[in-house]
Amino acid sequence: MGEIKSLNFLNISIDKIMNILPHRYPMLLVDRVLEINTHKNINAYKNVTINEQVFLGHFPKEPIYPGVMIIEGMAQAGGILAFVSTWGLDFEASQDKIVYFMTIDNVKFRIPVRPGDCLMYKMEVMKQRSNVWQLQGKAYVGDSLVSEAELKAMVTDSHNK
């Protein structure tokens, strides 16, 4: 079997992200993709602001961005990586597809994320077989590792064709 050719995409903006992901406010958790090396890795970020709806309850007197939202942001970045690796930026080809996450393992939270932080997602492909992707995810604020996890996902047909 021949080697899969890796392509590099830089600086994918929110309008293109919204063509790839089905998520919308308040669940769209990737603001920009800085770089994708298809079938290898993605670097993307989310700017965390006090205007996030989640801060109304987590926690009003000491706002901390929930760990589950960090993991969901990693998952969305991984979904973008899977889509772009499969279809490039051909948004028509990916419209009837969706990414379902199957497992999330070895999750660690190291440092709280607060309003004003820029949360950088760095996802690497550990293994990919057919439509199943296994990814190693790390989230950073600056140079500080705030969270990490291993995620497995499947790209499949959407039920809303």
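Shown above is the structure to which this text applies.
Given the structure is predicted, the values throughout are model-derived calculations rather than measurements.

What counts as what
Residues numbered from 1 in each chain as written. Predicted model: local features only at pLDDT ≥ 70, side-chain atom pairs only at ≥ 80, totals over all residues. Heavy atoms only, no water. Helix = DSSP H or I, 4+ residues; strand = E, 2+ residues; numbered from the N terminus. Rg over C-alpha atoms; globule rule 2.2 N^0.38 Å. Contact = heavy atoms within 4.5 Å. Areas by Shrake-Rupley, 256 points an atom, 1.4 Å probe, with all protein chains shown as cover. Lys, Arg positive; Asp, Glu negative; His and termini not counted. Charge placed at Lys NZ, Arg CZ, Asp CG, Glu CD. Expected span 1.5 Å × (residues − 1). Buried < 20%, exposed > 50% of the residue type's maximum accessible area, 1.4 Å probe, protein only. Pairing = 2+ DSSP bridges. Axes fitted to C-alpha atoms, helices over the stretch in contact; angles between N-to-C directions.

Q: Which parts of the structure should I look at to understand the overall build of the protein chain?
A: Within the protein chain, the regular secondary structure consists of three helices and seven strands. Mapped from its N terminus to its C terminus, the protein chain presents α and β elements in the order β-α-β-β-α-α-β-β-β-β. Scaling as 2.2 N^0.38, a compact globule of 161 residues should have a C-alpha radius of gyration of about 15 Å, and the protein chain matches this with 15 Å. Its C-alpha atoms give the protein chain principal-axis dimensions of roughly 55 × 30 × 30 Å. Long-range pairs, those at least 24 residues apart, make up 64% of the contacts in the protein chain between residues at least 6 apart in sequence. Working note: accessible area of the protein chain is about 9000 Å², and carbon and sulfur atoms make up 51% of it. Positive and negative charge centroids in the protein chain, built from 17 and 17 side chains respectively, lie 3 Å apart.

Q: Please explain helix H2 (residues 67-87) as it appears in this structure.
A: Because an α-helix packs 3.6 residues into every turn, residues spaced three or four apart end up facing the same way. Helix length check: H2, at 21 residues, gives a terminal C-alpha distance of 30 Å against a target of 30 Å (1.5 Å per residue), a fit within 8%. Among the 21 residues in H2, 17 count as buried, and that is most of the element. Phi turns positive one or two residues past the end of H2, at Gly88, with a value near 60 degrees.

Q: Where do I start with unusual backbone geometry in this structure?
A: Generally, phi is negative for residues other than glycine and the peptide bonds are trans, each holding for most cases. The step from Tyr25 to Pro26 runs through a cis peptide bond, and the omega angle for that step is 5 degrees. Relative to the elements of secondary structure, Pro26 occurs in the loop between helix H1 (14-20) and strand S2 (32-37). A cis amide bond links His58 with the next residue in sequence, Phe59, at an omega value of -15 degrees. By the element assignment, Phe59 lies in the loop between strand S3 (41-47) and H2. Residues other than glycine seldom take positive phi values, yet Asn11 does so here, at roughly 55 degrees. Among the structural elements, Asn11 can be located in strand S1 (residues 8-12).

Q: Whenever I open this one, the sheet that holds strand S6 (residues 132-141) confuses me. Can you help?
A: Remark on secondary structure: sheet strands pair via backbone hydrogen bonds, oriented parallel or antiparallel. Across the sheet, seven strands lie side by side as S1-S2-S3-S5-S6-S7-S4; this open sheet has antiparallel pairing. The two strands at the open ends of the sheet, each matched to only one other strand, are S1 and strand S4 (97-109). Across the sheet, the mean angle from the axis of one strand to that of its neighbour is 20 degrees, orientation sign disregarded. Where S6 and strand S7 (residues 144-157) come together, ten bridges link them in antiparallel fashion.

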